Amino acid sequence: MANFVTVFRLAYMNLRTQMEYRLSFFIWLGIKVLSYGSEYLIVWMVLDRFKGIGSWSIPEVIVLWAILQLSYTLAAPFLFHSAGKLEQHIVRGSLDYFLVQPIHPLANLIARNFSWTYSSQQLMSAVVLVIALNASGFDWSLPKVCFLLLTILGGISFYAFTFLFGGALNFRMIHGGRSIGGNIRWLMDLTQYPIGIYPKQLQAFLTFVVPAAMINYYPAVYLLDKQVELFHPSLPLISPLVEIALGQIGIRLFTKGLEWYQSGGG
Amino acid sequence: MAGVIGTFRTYTTFTLYFLKTRFVYRASFWINLGFSFLFLLMQVYLWKALLGAGTFTDTTASEMITYVVLAGVIRNFVGSGAAYAIEDRLLSGDIVFDFIRPLSFRVQMLLNDLGSAFSSFLLQSAPLLAGALLFVGVNPPPSLLHFLGFVLLTLGGLIISFYTSYIIGLVAFYTMKAEYIDWLVSTIRSFLSGRYLPFWLYPGWLRAIAELAPFKLMFYTPISVYMGRTPLSELPEALLTMVVWILILVTVEFMLWKKTTNRLVVQGG
């Protein structure tokens with residue numbers, strides 16, 4: 001609990017530092033909305049003349065993309081910079097600084113690198129998701145809303161896994177960690193469209209090897225009552241749980257990585 | 001003459017040095033290549049699903065696959081890192097060393113970019129293209145001239161990419177931050193360059209705007225020449241547009257450079 005309070009205080013301190021450059025902070029928020037908003041526009045431009053893809057309408061495809069973006073923008077403020085800067089800390093030996101303080105090194109890294117500039121993207125992704133769900137005829141019943149929240153939590157966990165896994169690899173292979181973590185995250189882009197368009201092997205890869213499709217595709221099949229062919233009928237319901245489990249594995253791996261760490265500084 | 005050769009050697013060393021840094025992390029290279037191919041496949045399957053075997057009004061699946069493969073190949077080496085490099089050197093104060101070298105700062109940056117583009121072409125684009133030719137299938141250009149036009153325009157696109165990024169970097173002399181503007185310009189560029197879609201699939205209003213900007217020379221124009229969508233009779237006009245845009249950017253850069261260098265204040269010591 002003491003850890004949480006300290007993390008919150010450090011993150012708040014971080015916000016105040018960023019707000020010292022108020023204009024710059026708000027410009028950043030605006031540009032990020034424009035940049036991420038443009039990605040929805042590209043999906044719309046691609047699909048507009050085809051009125052969707054396969055049995056998926058344009059709003060349903062936007063639901064897939066919005067779940068991905070919302071999950072990412074909720075995970076990234078915590079881990080994008082903290083995991084991204086880990087490589088630097090290892091190479092320079094400055095990770096020692098985090099190891100000798102009376103707070104868990106991961107919590108310390110997160111707090112000091114917490115990014116507040118994702119707030120505009122979070123808001124935009126949430127609004128787009130709600131609009132797209134409405135346009136897809138989503139049934140706002142309690143079980144489905146709860147499942148939707150679980151889906152987002154699963155998505156956050158999986159993104160957290162990619163950051164932490166990449167971070168943990170940095171302890172063993174410098175540069176490779178960032179590359180693998182980053183690439184797995186980009187792999188999520190493969191699931192911005194329904195994975196039914198891919199051959200079975202690629203669908204299996206995105207389900208069982210790197211379960212990116214479990215962030216959005218399988219949950220959306222349940223949420224939107226889609227009738228599609230699946231590897232197993234239970235996949236839509238278990239997907240968020242698998243992702244949450246992966247998030248836990250990510251934390252374990254990162255902690256294990258810290259045990260491998262041998263300071264390079266002096 | 002000896003002086004020219006000496007200078008050329010110095011510049012080539014810069015490019016080779018950058019190339020070498022890219023070879024250091026081999027695991028990272030294979031991983032990036034594998035994933036690049038996966039992303040390419042995503043777009044290929046997307047267009048196969050959308051267009052199928054038949055023709056949809058004004059484009060076919062094989063045409064779109066050729067377009068996305070070439071766009072993927074170009075994307076891997078056309079992106080310039082000049083803006084970030086300048087920002088980084090400004091913030092750290094390292095820019096002082098760039099100024100005292102007996103080489104023009106602009107040329108150093110350009111050669112860095114060329115080294116990066118050349119290594120990305122060898123390490124990313126060429127294997128990606130080979131993979132696409134083997135497993136995906138790419139339509140050949142209608143003639144050798146179309147192909148030469150494509151190569152020339154792509155090189156022009158590379159220079160335009162450098163100058164836009166470099167000009168953004170120069171703005172950092174005023175703001176100390178190039179990141180925001182770079183993000184903004186990247187967003188605009190992703191629409192106006194034809195990176196994801198050819199202009200013939202754009203809504204009319206967006207196409208009209210995209211035709212006016214220089215970014216089309218990075219993706220759309222070279223690829224549409226390769227595919228024969230832009231007929232050979234229009235190739236001179238496309239090349240002229242490219243030259244005019246490069247001249248405009250060089251002039252803007254020259255004017256901005258004169259103003260900015262007078263402002264430089266380096267902190268620290």
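Predicted model, so just to flag it, every value in this text is computed and none were measured.

What counts, and at which threshold
- Residues numbered from 1 in each chain as written.
- Chains lettered and ligands numbered in written order.
- Predicted model: local features only at pLDDT ≥ 70, side-chain atom pairs only at ≥ 80, totals over all residues.
- Helix = DSSP H or I, 4+ residues; strand = E, 2+ residues; numbered from the N terminus.
- Rg over C-alpha atoms; globule rule 2.2 N^0.38 Å.
- Buried ≥ 20, exposed ≤ 12 C-beta atoms within 10 Å, placed from the backbone.
- Contact = placed C-beta atoms within 7 Å.
- Nonpolar A, V, L, I, M, F, W, Y, C, P; charged D, E, K, R; others polar.
- pLDDT = per-residue confidence, 0-100.
- Expected span 1.5 Å × (residues − 1).
- Axes fitted to C-alpha atoms, helices over the stretch in contact; angles between N-to-C directions.
- Parallel < 35°, antiparallel > 145°, perpendicular 65-115°, else oblique.
- Left-handed = near helix turned anticlockwise from the far one by under 90°.
- Core = buried A, V, L, I, M, F, W, Y, C linked by C-beta atoms within 7 Å.

**Notes on the overall build of chain A**
Now for step 1: A count of helices and strands for chain A gives 12 helices and zero strands.
Now for step 2: Each helix and strand of chain A, placed in order from N terminus to C terminus, yields the pattern α-α-α-α-α-α-α-α-α-α-α-α.
Now for step 3: Taking 18 Å as the expected radius of gyration for a compact globule of 266 residues, we find that chain A reaches 19 Å, a close match to that expectation.
Now for step 4: Overall size of chain A, expressed as C-alpha extent along the three principal axes, is 60 × 45 × 35 Å.
Now for step 5: The buried share among the 266 residues of chain A stands at 42%.
Now for step 6: Sequence-distant contacts in chain A: of pairs separated by 6 or more residues, those separated by 24 or more amount to 78%.

**A few points about the overall build of chain B**
Now for step 1: Helix and strand counts for chain B come out as 11 helices and two strands.
Now for step 2: Reading chain B from its N end, one meets helices and strands in the order α-α-β-β-α-α-α-α-α-α-α-α-α.
Now for step 3: When burial is assessed residue by residue, chain B has 34% of its 269 residues classed as buried.
Now for step 4: Relative to all contacts within chain B whose residues are 6 or more apart in sequence, the contacts with residues 24 or more apart total 79%.

**Here we look at unusual backbone geometry**
Trans is the prevailing form of peptide bonds, just as negative phi is the prevailing case for residues other than glycine.
All names here are of chain A.
Now for step 1: Phi angles above zero are rare outside glycine, and Lys51 is one such case at about 55°.
Now for step 2: As for its position among the elements, Lys51 is in the loop between helix H2 (22-48) and helix H3 (58-84).
Now for step 3: A positive phi angle, near 50°, is found at Asp225, a position not held by glycine.
Now for step 4: For Asp225, the position within the fold is in the loop between helix H11 (217-223) and helix H12 (235-260).

**Focus: the interface of chain B and chain A**
Now for step 1: The partner chain A presents 26 residues to the 22 residues of chain B that form the contact.
Now for step 2: Listing elements by their share of the side of chain B that touches chain A, those giving two or more residues are helix H2 (26-51) and helix H8 (179-192) of chain B.
Now for step 3: By residue number, the principal contributor to the side of chain B that touches chain A is H2(B), which donates 12 residues.
Now for step 4: Here the side of chain B that touches chain A is composed, by residue class, of 17 nonpolar, four polar and one charged.

**Side note on the confidence of the model for chain B**
Now for step 1: Looking at chain B, pLDDT values average 83 and 87% of them are 70 or higher.
Now for step 2: Looking at the elements of chain B, mean pLDDT is at its lowest for strand E1 (residues 55-56) of chain B, recorded as 58, and at its highest for helix H10 (residues 220-227) of chain B, recorded as 95.

**Structural notes on H12(A)**
Now for step 1: Compared with the 38 Å implied by 1.5 Å per residue over 26 residues, the 36 Å span of H12(A) between its first and last C-alpha is a close match.
Now for step 2: The inward-facing, buried residues of H12(A) contact helix H6 (105-113), helix H8 (142-170) and H11 of chain A.

**A short note on the confidence of the model for chain A**
Now for step 1: Across chain A, the average pLDDT comes to 85, with 94% of residues at 70 or higher.
Now for step 2: Of all helices and strands in chain A, the one with the weakest mean pLDDT is helix H9 (residues 176-187) of chain A (66), whereas H11(A) scores best (95).

**Some words on the packing of helix H6 (residues 105-135) of chain B against helix H7 (residues 144-175) of chain B**
Residues and elements named next belong to chain B.
Now for step 1: It is at 11 Å that the axes of H6 and H7 come closest, and there the two elements cross at 130°. One way to sum up the angle between H6 and H7 is to call them oblique. Crossing of H6 against H7: the hand is right-handed. On H7, the residues touching Arg106, Met109, Leu110, Asp113 and Ala117 of H6 are Leu158, Phe162 and Tyr166.

**Thoughts on the environment of B:Phe29**
Now for step 1: Inspection of the secondary structure puts B:Phe29 in helix H2.
Now for step 2: Taking C-alpha positions, B:Phe29 is 34 Å from B:Ser143, a pair spaced 114 residues apart along the chain.

**Concerning the nonpolar core**
Now for step 1: Formed by 118 residues in total, the largest nonpolar core has its most connected members in A:Val63, A:Ile67, A:Ala75 and A:Leu164.
Now for step 2: Setting aside residues no more than four positions away along its own chain, A:Ile67 makes contact with A:Leu129, A:Thr151, A:Ile152, A:Gly155, A:Ile215, A:Asn216 and A:Ala220.

**Concerning the environment of A:Leu10**
Residues and elements named next belong to chain A.
Now for step 1: Residue position: Leu10 is located in helix H1 (residues 2-19).
Now for step 2: In this structure, the C-alpha to C-alpha distance between Leu10 and Tyr72, residues 62 residues apart in sequence, is 22 Å.
Now for step 3: Filtering out sequence-adjacent residues up to four positions away, Leu10 remains in contact with Ala111 and Arg112.

**What about the environment of A:Met13?**
Now for step 1: The topology assignment puts A:Met13 in helix H1.
Now for step 2: Between the alpha carbons of A:Met13 and A:Trp44 there is a distance of 40 Å; along the sequence they are 31 residues apart.

**Concerning the packing of helix H4 (residues 82-92) of chain B against H7(B)**
Residues and elements named next belong to chain B.
Now for step 1: Relative orientation of the contacting elements H4 and H7 amounts to 25°, with a least axis distance of 7 Å. Classified by the angle between their axes, H4 and H7 sit roughly parallel to one another. The handedness of the crossing between H4 and H7 is right-handed. Between H4, through Ala82, Ala83, Ala85, Ile86, Glu87 and Leu90, and H7, the contact on the second element is made entirely by Phe162, Ser165, Tyr166, Ile168, Gly169, Ala172 and Phe173.
Now for step 2: Per-class residue counts for the contact of H4 with H7 are 10 nonpolar, two polar and one charged.

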